[in-house]
Amino acid sequence: MEQKIQSLKELYEKDFYLWVQENLKLLKNREYDLVDWENLLEEIEDMGQRHYDAMVSYMAVIMEHIYKWENYRESAYMGSRWKKSTINARTKMLKLFKGAPSLKAKAQEKETLQRAWEDAVLDLIAWFKVNEKLAHRHFGRLPTEKDFPQECPYSFQQIMEYEPWLKE
């Protein structure tokens, strides 16, 4: 039995798909003592984390683009991609919430909003590295994290509904 468990653990590294199939067969047959629990639990945890990370990523995109629209839009021609990206990210979040409703409550937590904002700030800094002239106009140099609000400036409702382009 120990040999079977060890070979299953080795299979995890060599052929992930086959590892999944073998563990699935063991679970269906209720052969729980042979399941590679260590790797299986890690994979289950990772599955949930991927959904959470995707949600945070969508929120960061929305915040970044709303923030750029509010603060750095210099012409009527600037920002159509930000608008489209914001709408797309919101749609993806709604689909994610449909399949995992508990993520919606998690998205509203202060810690999640803050994490998404910190990611958005990193994306803003990277954007200014590509748009140096704009950076110099607004900051006199390339910005750093200190040049943006330290606390998330948006509520969950704003992330999901706020459309600054409607003000025009």
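If you're wondering where the values come from, they're calculated on a predicted model, not measured in any experiment. (Residues numbered from 1 in each chain as written. Predicted model: local features only at pLDDT ≥ 70, side-chain atom pairs only at ≥ 80, totals over all residues. Heavy atoms only, no water.)

Got a minute to help me understand the overall build of the protein chain in this structure?
Scanning the protein chain from N- to C-terminus turns up 8 helices and 0 strands. Of the regular secondary structure in the protein chain, the N- to C-terminal order runs α-α-α-α-α-α-α-α. For 168 residues, the compact-globule estimate of 2.2 N^0.38 gives 15 Å, and the C-alpha radius of gyration of the protein chain, at 22 Å, exceeds that figure by more than 25%. For the protein chain, the share of sequence-separated contacts (at least 6 apart) that also reach a separation of at least 24 residues comes to 69%. Working note: accessible area of the protein chain is about 10900 Å², and carbon and sulfur atoms make up 53% of it. The averaged location of the 29 negative side-chain charges in the protein chain is 8 Å from the averaged location of its 26 positive side-chain charges. (Helix = DSSP H or I, 4+ residues; strand = E, 2+ residues; numbered from the N terminus. Rg over C-alpha atoms; globule rule 2.2 N^0.38 Å. Contact = heavy atoms within 4.5 Å. Areas by Shrake-Rupley, 256 points an atom, 1.4 Å probe, with all protein chains shown as cover. Lys, Arg positive; Asp, Glu negative; His and termini not counted. Charge placed at Lys NZ, Arg CZ, Asp CG, Glu CD.)

I would appreciate a short explanation of the side chain of His-65 in the present structure.
Structurally, His-65 can be placed in helix H3 (residues 37-72). Among all residues touching His-65, those that are not within four sequence positions of it are Trp-82, Ser-85 and Thr-86.

Would you mind going over a nonpolar patch on the surface with me for this structure?
On the surface, a nonpolar cluster with roughly 500 Å² of combined accessible area is contributed by Tyr-32, Trp-37, Leu-41, Ile-44 and Met-47. According to the relative accessible area criterion, Tyr-32 is partly exposed, its value standing at 39%. (Patch = residues over 30% accessible without salt bridge, like charges linked within 9 Å, V, L, I, M, F, W, Y side chains within 5 Å. Salt bridge = Lys/Arg side-chain N within 4 Å of Asp/Glu carboxyl O. Buried < 20%, exposed > 50% of the residue type's maximum accessible area, 1.4 Å probe, protein only.)

I keep staring at the nonpolar core and nothing clicks. Help me out?
Soluble, globular proteins show a tendency: their nonpolar side chains are buried together. Grouped together as the largest cluster of nonpolar side chains are 38 residues, with contacts concentrated most on Met-55, Met-59, Met-63, Trp-117 and Phe-148. If you list the elements that add at least two residues to this core, you get H3, helix H4 (80-99), helix H5 (102-107), helix H6 (110-130), helix H7 (132-139) and helix H8 (156-161). Here this core takes 11 residues from H3, the largest share from any one element. Setting aside anything within four residues of it in sequence, one finds Met-59 in contact with Met-93, Ala-107, Thr-112, Leu-113, Ala-116 and Ile-159. One finds Leu-11, Tyr-12, Leu-34 and Leu-40 within the second-largest nonpolar core, a separate group that totals 8 residues. (Core = buried A, V, L, I, M, F, W, Y, C linked by side-chain atoms within 4.5 Å.)

Please explain the packing of aromatic side chains as it appears in this structure.
Any pair of aromatic rings gets described here by the distance separating the centres and the angle formed by the planes. Taken as a whole, this structure holds 17 aromatic pairs when the rule is applied. Each ring, one from Tyr-12 and one from Phe-16, has its centre 5.9 Å from the other, and the planes form 70 degrees; the classification is edge-to-face. Under the relative-accessibility criterion, Phe-16 is labelled partly exposed at 39%. Put simply, the rings of Tyr-67, Tyr-72, Trp-82, Trp-117, Trp-127, Phe-128, Phe-139, Phe-148 and Tyr-154 touch in pairs and so form one group of aromatic residues. (Phe/Tyr/Trp six-rings, centres within 6.5 Å; stacked < 30°, edge-to-face > 60°.)

Looking at this structure, how should I read the confidence of the model for the protein chain?
Low pLDDT marks stretches whose predicted atomic positions should not be read closely. Taken over all residues, the pLDDT of the protein chain has a mean of 94, while the share at 70 or more is 96%. Across the protein chain, the secondary-structure element scoring lowest on mean pLDDT is helix H1 (residues 2-14), at 80, and the one scoring highest is H6, at 98. (pLDDT = per-residue confidence, 0-100.)

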